[in-house]
Amino acid sequence: MLSGKRILLIIGGGIAAYKSLDLIRRLRERGAAVTPVLTRAAEEFVTPLSVAALAGGKCYGHLFDLTDEAEMGHIELSRAADLVVVAPATADLMAKMAGGHADDLASTLLMATDKRVLIAPAMNVRMWLHRATQRNIATLRADDVRFVGPNEGDMACGEYGPGRMAEPLGIVAAIEAAMGDGPMAGRHVIVTSGPTHEPIDPVRYIANRSSGAQGTALARALRDLGARVTFVTGPASVPPPGGVEVVRVETAIEMLEAVKAALPAEAAVFAAAVADWRVTHASASKMKKDASGKAPALDFAENPDILATVAQMTPGRPKLVVGFAAETDDVIAHARAKRARKQCDWIVANDVRPATGIMGGTENAVTLITAEGAEEWPRLPKDEVARRLAAGIAAALG
Ligand code: C5P
C-alpha cells in the first residue's frame, strides 16, 4: 500500500529513536522511500551512518548544510514528501512545532511543509502529562497534526504510564491511514457532538451539559482510519478536530437539518447531547423581570429525535447507526430500551452521575450495547474509547 510513497522521517532526540531504525526498515519493506532527518539530540541516540544505511540514501541533519544550493533546499525537502512523520516526537520538538519555531533543520522543515504531518510522541510520563505538553497537544491537534500513540507501559526511565512511543508496526498503520489507505478509506461517516442551545430569548438558552470531548475524539479516531467525516457540532467547549468537515449548529432543529444535508453516509454516530425540548416561542427581545416578582412561564415543545429519525429512515438509513445513552441510574436497562425504541444498531451507554467525574472529564466508562448483548469496557481515556469504537465501526462495515 505504501509502494512508491515518499516519507520524510524526522527523528527526534529520545531513547525511542532506536525504534525508528526498525520503522525505516518496515517502511522500505512496504515499498516506501524514506528521507531521514536527525535532530542534533537524535544524533546522541542513533548515528547518521546507521540511519542512512537503513534508508538507503542521505541522512539530513543541519539546516545550513542545505543553504548550499547544490544541495536540496529545505523548502524543496519539506515538499517533496507525501507525508512528514516525526518519530520520536519529543516534548521539546512538539513545543517547537506548537510555537512555530524554525531554528534547526527539523523544525524548519515542519514549518515549511505543505504536507500532512503525523507524530509519534515519546517522553517520560510526567513530561507527557505536564500542562505545557498537554497545551501543545491541543494546539497541534487544532493545527491538524495527526498523532499515533503514545502507548502506556514501562518506560526506559523506570516509570510507568503514557509516554512510550507507538511500536513501529503501529506507526506504519497510522502512516497508511494518514495516506488515505486506512480501513475506513473512502467511507463517509457523520458524527454529531456537543450540546445544542435552545434559545429562550436573544441572551438566554437551555442546554445539556456536554463538552463535546467524546464526539470530538470519535471524529478524530474515524478520520485517523481514513474516513471522510462530517462533524456536526453544537457549541462545544473543545475545538473540533482538523481534517474533518465541520458543520456548526446551535439548535436541535439545525442539527437535524445539517445531518440530513450530510447524508448519505455509511455510518452515523450520534454523540451530541441534544436538548429534548425547545422553548416553543423564543422571545425576540430580552425578557425583563416583572415588578410583581412573578417568574415567566415557558412553554416547551419536544425536539425532533435526530438519532431515531436517521435510524428509521427508509431509504437512506446508514448501514450502521450508533447512539449514546448518558444515564444516571439503571444504565444498561435504560440503554437497552433506548436501542429498541430508537431502532439504532448500537448504543454506547455511560453512567454520568456527578460522582463518576465523566461529564466534562477526560475518561469514560462505557458499555457497548448491540444486538448480540452488552459489552462492558474498562474505564479508559476518551481518546481510547474513541479508538476502540472507531475500530469496531470499521470492522462492522467490513
Ligand atoms: O433519549 P436520549 O437523549 O437519552 O438519547 C440519547 C441519544 O439520542 C444520543 O445518541 C443523542 O445524540 C441522541 N438524540 C438525538 N436527538 C434528540 C435526542 C437525543 O439524536 N433529540
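None of the values given here were measured: they were computed from a predicted structure. (Residues numbered from 1 in each chain as written. Predicted model: local features only at pLDDT ≥ 70, side-chain atom pairs only at ≥ 80, totals over all residues. Heavy atoms only, no water.)

(A) Examining the domain arrangement of the chain more closely. By domain assignment, the chain separates into domain 1 (6-178) and domain 2 (188-282 + 292-397). Spacing between the C-alpha centres of domain 1 and domain 2 amounts to 35 Å. Taken together, the contact pairs 5 residues of domain 1 with 8 residues of domain 2. Counting each side, the surface lost to burial between domain 1 and domain 2 is near 650 Å², with a carbon and sulfur contribution of 41%. Ranking the residues of domain 1 by area buried against domain 2 places Arg141, Arg146 and Ala177 at the top, with a combined share of 66%. Seen at the junction of domain 1 and domain 2, the total is 2 salt bridges. Asp383 is the partner of Arg141 in a salt bridge, and the nearest nitrogen-oxygen pair spans 3.5 Å. In this structure, the connection of domain 1 to domain 2 is made through 2 residue pairs in polar contact (both at pLDDT 80 or more). Class assignment for the residues of the side of domain 1 that touches domain 2 results in 2 nonpolar, no polar and 3 charged. (Domains from an automatic or database assignment. Contact = heavy atoms within 4.5 Å. Buried area = accessible area lost by both parts, 1.4 Å probe. Salt bridge = Lys/Arg side-chain N within 4 Å of Asp/Glu carboxyl O. Polar contact = N/O pair within 3.5 Å; in protein donor to acceptor, adjacent residues only side chain to side chain. Nonpolar A, V, L, I, M, F, W, Y, C, P; charged D, E, K, R; others polar.)

(B) The sheet that holds strand β3 (residues 83-89), seen in detail. Spatial ordering of the open sheet is given by β2-β1-β3-β4-β5, a layout of 5 strands whose pairing is parallel. Unpaired on one side and paired on the other, β2 (33-38) and β5 (146-147) mark the two borders of the sheet. Relative to strand β4 (residues 117-121), β3 runs parallel, the two sharing 4 bridges. Paired with Val85 across the two strands is Leu118, which belongs to β4. In this fold helix α1 (residues 17-29) packs onto β1 (6-11), β2 and β3, with an angle of close to 175° to the strand it touches most, β1. In the packing of helix α5 (residues 105-112) onto the sheet, the strands contacted are β1, β2, β3 and β4, and the crossing angle to β1 comes to about 135°. (Pairing = 2+ DSSP bridges. Helix = DSSP H or I, 4+ residues; strand = E, 2+ residues; numbered from the N terminus. Axes fitted to C-alpha atoms, helices over the stretch in contact; angles between N-to-C directions.)

(C) Molecular detail of the pairing of strand β6 (residues 151-154). In terms of strand pairing, β6 meets strand β7 (residues 160-164) through 4 bridges, oriented antiparallel. Counterpart to Asp154 in the pairing with β7 is Tyr160. Between β6 and β7, which follow one another and run antiparallel, lie 5 residues, and Gly158 among them has a positive phi close to 95°.

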